[in-house]
Amino acid sequence: MAALINVPAKARRGDVIEIRALTSHIMETGFRHTVDGKLVPRDIITSFTCRYNGAEIFRADLFPAIAANPYLSFFTVAKDSGKLEFEWVGDNGYSSTASASITVE
Amino acid sequence: MPTTRRQFLSLAGGVTAAGTIPVVTLRPLQATPAMLNHAIRNIVGEAPIRTGRVKLDIPPLVENGNVVPMTVSVTSPMTADDHVKSIHVFNEKNPQPNIGNFYLGPSSGRAQVSTRIRLADTQKVVAVARLSDDTFWQVAADVVVTLAACTEEMN
């Protein structure tokens, strides 16, 4: 699935950097009905994890009250050059990943 | 006997009033303030919750409850000894009281999280932060929602 990741390409060691991640997902709440009265089954992303060179730096549990195409912004300290990995896990076996690289000087 | 204007209006008013009451009581299942407290206690346990340190940035008036931008920040040095472990956001009147749990650590550098949420009604949003010394801090914000999320029909 399409994901939009925003990580600064370069940072100085020790800087606090903002990471923004957005993925496309319907986030169906499971509380809506079709016109003929049937409940639309829940289909949401339940968990998001961000790892920086393998170490978890941020994790979130998401609920139906998170808007469609979940967007998250959070911060981390730039420590080393390397890779940021993002993982979304959800209902019905949903799983998607994305990654970004950063150069720390 | 011809119906007078006054009779007609009182009849019409009566029908309207009778018609609106069931519509109001037939509203979908909602979280209640009791469920909100229960959800908070699930996270916090018996620990006292103090007010302060947490800041909740959310628009006070929302036109579209489907997409409400929200930022939670906590005053904290974010060192190994003194940092925010997690931030939990709750609501009062969505069908479910939870909005999100966010887990941070000393490597976060700044205790701030932004996301976009859904609000089904005009209600209170509560953010609770758990610090590394296991104290809990909270803040509440009232949001007026003109177009509700979650419960509309699908086409």
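Everything below is about the structure shown above.
This structure is a prediction, so every number in the text was calculated from the model and none was measured. (Residues numbered from 1 in each chain as written. Chains lettered and ligands numbered in written order. Predicted model: local features only at pLDDT ≥ 70, side-chain atom pairs only at ≥ 80, totals over all residues.)

Draft legend 1. Seen up close, the overall build of chain B. Counting secondary structure elements, chain B contains 2 helices and 9 strands. Each helix and strand of chain B, placed in order from N terminus to C terminus, yields the pattern α-α-β-β-β-β-β-β-β-β-β. Partitioning the intrachain contacts of chain B with sequence separation of at least 6 by distance along the chain shows that 71% fall at a separation of at least 24. (Helix = DSSP H or I, 4+ residues; strand = E, 2+ residues; numbered from the N terminus. Contact = placed C-beta atoms within 7 Å.)

Draft legend 2. Region of the structure containing the environment of Val89(B). Residues and elements named next belong to chain B. Assignment of secondary structure puts Val89 in strand β5 (residues 84-91). In this structure Val89 comes out as buried when scored by C-beta crowding, with 23 C-beta atoms within 10 Å. Residues Val89 and Ile40 lie 49 residues apart in sequence; the distance between their C-alpha atoms is 9.0 Å. Val89 has contacts with Val72, Ile99, Gly100, Val125 and Ala127, leaving out every residue within four places of it along the chain. (Buried ≥ 20, exposed ≤ 12 C-beta atoms within 10 Å, placed from the backbone.)

Draft legend 3. Representation of the pairing of strand β3 (residues 16-23) of chain A within the structure. All names here are of chain A. Both strand β1 (residues 3-6) and β3 contribute to a ladder of 4 bridges, which runs antiparallel. Note on β3: the bridge partner recorded for Ile5 is Ala21. Pairing of β3 with strand β6 (residues 71-77) involves 7 bridges; the strand directions are antiparallel. Within the sheet, the bridge partner assigned to Arg20 lies in β6 and is Ser73. (Pairing = 2+ DSSP bridges.)

Draft legend 4. Representation of helix α2 (residues 33-44) of chain B in the model. With 12 residues, α2(B) extends 16 Å between its outermost C-alpha atoms, agreeing within 8% with the 16 Å of an ideal straight helix rising 1.5 Å per residue. At the exit of α2(B) stands Gly45(B), carrying a positive phi of roughly 75°. (Expected span 1.5 Å × (residues − 1).)

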